[in-house]
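The residues making up each chain are set out below.
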Amino acid sequence: MNDGNEAIGVIGVGWVGLVSAACFAETGYEVVAMDIDEAKIAALRRGEVTIHEPGIEDMLQRNAERLTFTTDIADVLERARLLFCCVDTPPTYSGDADLSRVQAVVRELREDGEHALVMKSTVPAGTGAAIRREMPSLPYVSCPEFLKEGSAVNDFLHPDRVVIGASADDAWAADAVEDLYRPLGGEIVRTDVASSEMIKLASNAFLATKISFINEIANVSEEVGADVTEVARGMGLDKRIGTSFLHAGLGFGGSCFPKDVNALKMLAGNTGYHFQLLTSVIEVNELQKRRVMKKLERHLGSLAGRRVVLLGLAFKPNTDDMREASSLVLAARLQGEGATVTAHDPVAEPRARELLRDVEFAASVEEALEGADAVILVTEWPQFAELDWAALAGRMATPLIVDGRNFLDPDAMRAAGFTYEGIGRTGV
Ligand code: UDX
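So, about the overall build of the protein. Counting secondary structure elements, the protein contains 17 helices and 14 strands. Whereas a compact globule of 428 residues would reach a radius of gyration of roughly 22 Å, the protein reaches 23 Å, a difference of no more than 12%. Structurally, the protein occupies a C-alpha span of about 70 × 50 × 40 Å along its principal axes. For the protein, buried positions account for 52% of its 428 residues. Taking contacts inside the protein between residues at least 6 apart in sequence as the whole, the part at least 24 apart equals 72%. Accessible area of the protein: about 18600 Å², with a carbon and sulfur share of 51%. One way to put it: in the protein the 42 positive side-chain charges average out to a point 4 Å from where the 65 negative ones average out.

Structure follows, in structure tokens:
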């Protein structure tokens, strides 16, 4: 290893890997980032950005000299001591996390005393211990990521906390990781490997539980004439509860929550423990999207032959990520009821086209709503707040909106001519 020019190694240049590589470079480090996907590495070398994430493009350009992209792990081992494993861990058919990519990385490493594996990939608790059993002399640090899509760069550079799990034997590697993160601020949590792995899974499961909880409160609020946005505001001011992740809506999607919540449930199940609460969290999330059908039918009767617009397709704003997006379930359910579906999303259309069947894509909101019977706001893209809703109501056959994210002002929408339905605010 060339100590005179030590770099940080990043293995797996997907979303977490690329954000981490760019941000380490931004903070002044040399980075060697490796991926087995030759097309991806070639694109990155040409300066093309392979993910949609605000701020990443400029950051990659600004730090191009500090960033090396390669398909050869030898380049990483040559220059880096800390090897950040950022490969993905998608669900298997059994709902467990698929660790084959992590294992493929581990197989490339040698117990040479020079390198340490830093696990950023989301892995089940116990993975670190299993890797240590295979390679007892390979220093191992668990350093889970808590980045949110759409604000990942900011989250990386301004973390709430940085969790670093390692055994006492590997303190040097944990110290080196801490040195990288300390300048960013945020509390550093030093702990053992299993606890660090659990912190990641438990954090995501808890946030998902908050969402399913407020969604159930929303559903009850509809029955009793309460407004869930008011309920959440009043609850959230209690510091023990907090205001964040109490937005009722169409449920959580994305690459992390659905997968990680299920993986934790399965992990518990594999040990013989039935994680009842998470089973409900998942089920509430599934049903939440389907409830929209009833809202539409209450106003339109049968949906057969109706044209319904999905406004926003990505699982949340500021990303083109369609993984586990509510729009996928909504489109299929609408079609199942005999409706035709038109969709518009500012950036997710190319990815959505690969996943949605028989959906008509509109280039603009105006085009999408022309002659439509109803519109469901699925993703709260900021620009949707700025639309001329009165003019849009005039274009529709029936100006009915289901605001799936409680994003718009019900009074303003009604003044604009809409029949407005939110989630948990029927009484408004
Ligand atoms: C999440 C975690 O927040 C992050 O720490 C983790 O490491 C990766 O997974 P992300 O998937 O990017 O990040 O999205 P996030 O902003 O957390 O939202 C997840 C989903 O929950 C979205 O579909 C969002 O619409 C939904 N959500 C979020 C709600 O329905 N209500 C809320 O109050 C918050």
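Read on, since the account is not over.
So, on to the environment of Ala-263. Relative to the elements of secondary structure, Ala-263 occurs in helix H11 (residues 257–270). Among the residues examined, Ala-263 registers a relative accessible area of 13% and is labelled buried. A sequence separation of 168 residues divides Ala-263 from Gly-95, and the C-alpha atoms of the two residues are 6.0 Å apart.

Glancing now at the pairing of strand E1 (residues 7–11). With five of five residues buried, E1 is to be regarded as a mostly interior element. One ladder, built from four bridges, connects E1 with strand E4 (residues 80–85); its direction is parallel. In the sheet register, Gly-9 faces E4, and the bridge partner there is Leu-83. Pairing of E1 with strand E2 (residues 31–34), which is carried by four bridges, proceeds in the parallel orientation. Residue pairing across strands places Val-10 opposite Ala-33, the latter belonging to E2. As a crossover connection, the stretch from E1 through helix H1 (residues 15–26) into E2 is right-handed.

We now examine the packing of aromatic side chains. Inspection of the entire model under this criterion finds eight aromatic pairs. Considering the side-chain rings of Phe-252 and Phe-257, the 6.0 Å spacing of their centres and the 85° angle between planes classify their relative orientation as edge-to-face. Members of the aromatic cluster, each reached through a chain of ring pairs, are Phe-24, Phe-84, Phe-156 and Tyr-181. When the ring centre of Phe-146 is taken as origin, the NZ or CZ atom of Arg-161, which lies over that ring, is 3.6 Å away.

Parameters at a glance
- Residues numbered from 1 in each chain as written.
- Predicted model: local features only at pLDDT ≥ 70, side-chain atom pairs only at ≥ 80, totals over all residues.
- Heavy atoms only, no water.
- Helix = DSSP H or I, 4+ residues; strand = E, 2+ residues; numbered from the N terminus.
- Rg over C-alpha atoms; globule rule 2.2 N^0.38 Å.
- Buried < 20%, exposed > 50% of the residue type's maximum accessible area, 1.4 Å probe, protein only.
- Contact = heavy atoms within 4.5 Å.
- Areas by Shrake-Rupley, 256 points an atom, 1.4 Å probe, with all protein chains shown as cover.
- Lys, Arg positive; Asp, Glu negative; His and termini not counted.
- Charge placed at Lys NZ, Arg CZ, Asp CG, Glu CD.
- Pairing = 2+ DSSP bridges.
- Right-handed = clockwise from strand over helix to strand, strands pointing away.
- Phe/Tyr/Trp six-rings, centres within 6.5 Å; stacked < 30°, edge-to-face > 60°.
- Lys NZ or Arg CZ within 6 Å of the ring centre and 35° of its normal.

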